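# Descriptive analysis of the structure
Okay, here's what each chain looks like letter by letter:
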Amino acid sequence: MSKLHLVFGGRVADPQTLDFTDLKSIEIVGIFPDYASAEKAWRGAAQRTVDDAEMKYVVVHLHRLLEPDMLARPAT
């Protein structure tokens, strides 16, 4: 299975949380095939809004959401 990663962001109520204030204005940066490319996209998006403390971008490990029990399986 591909290790897909989603990068998105938007305005948050508190920069220390993930409480997005307007879900309709969430920016989807993209879906990436590996963490390295997702991190590069995240850094670019975050850098564009570095002066706005209420903007936050995150990387979500989609492969963990798609197969949550995969983390509990013993390695073979």
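Up top is the structure.
The structure contained in this document is the topic of the report that follows. Computed from a predicted structure; not experimentally measured.

The next thing to look at is the pairing of strand E1 (residues 5–11). Every other side chain in a regular strand lies on the same face of the sheet, so the side chains alternate between the two faces. For E1, the tally of buried residues reaches six of seven residues, placing the bulk of the element in the interior. As defined by bridge partners, E1 adjoins strand E2 (residues 27–32) across five bridges and the pair is classed as antiparallel. In the strand pairing of E2, Phe8 is matched with Ile28. As paired strands, E1 and strand E3 (residues 55–61) are joined by seven bridges and run antiparallel to one another. Bridged to Gly10 within E3 is Lys56.

With antiparallel pairing, the three strands of this open sheet are ordered in space as E2-E1-E3. Both outer strands of the open sheet, E2 and E3, are each paired with one neighbouring strand and no more. Along the sheet, successive strands turn relative to each other by an average axial angle of 15 degrees, direction set aside. The strands that helix H1 (residues 35–48) touches are E1, E2 and E3; relative to E3, the one it contacts most, it runs at about 170 degrees.

One pass over the structure, following the stated rule, counts one aromatic pair. Taking 5.6 Å as the distance between ring centres and 45 degrees as the angle between the ring planes, the aromatic pair formed by Phe8 and Phe20 counts as tilted. Separated by twelve residues along the polypeptide, Phe8 in strand E1 and Phe20 in the loop between E1 and E2 bring together distant segments of the chain. Pair check on accessibility: Phe8 and Phe20 agree, each one buried.

Cut-off values and rules
- Residues numbered from 1 in each chain as written.
- Predicted model: local features only at pLDDT ≥ 70, side-chain atom pairs only at ≥ 80, totals over all residues.
- Heavy atoms only, no water.
- Buried < 20%, exposed > 50% of the residue type's maximum accessible area, 1.4 Å probe, protein only.
- Helix = DSSP H or I, 4+ residues; strand = E, 2+ residues; numbered from the N terminus.
- Pairing = 2+ DSSP bridges.
- Axes fitted to C-alpha atoms, helices over the stretch in contact; angles between N-to-C directions.
- Contact = heavy atoms within 4.5 Å.
- Phe/Tyr/Trp six-rings, centres within 6.5 Å; stacked < 30°, edge-to-face > 60°.

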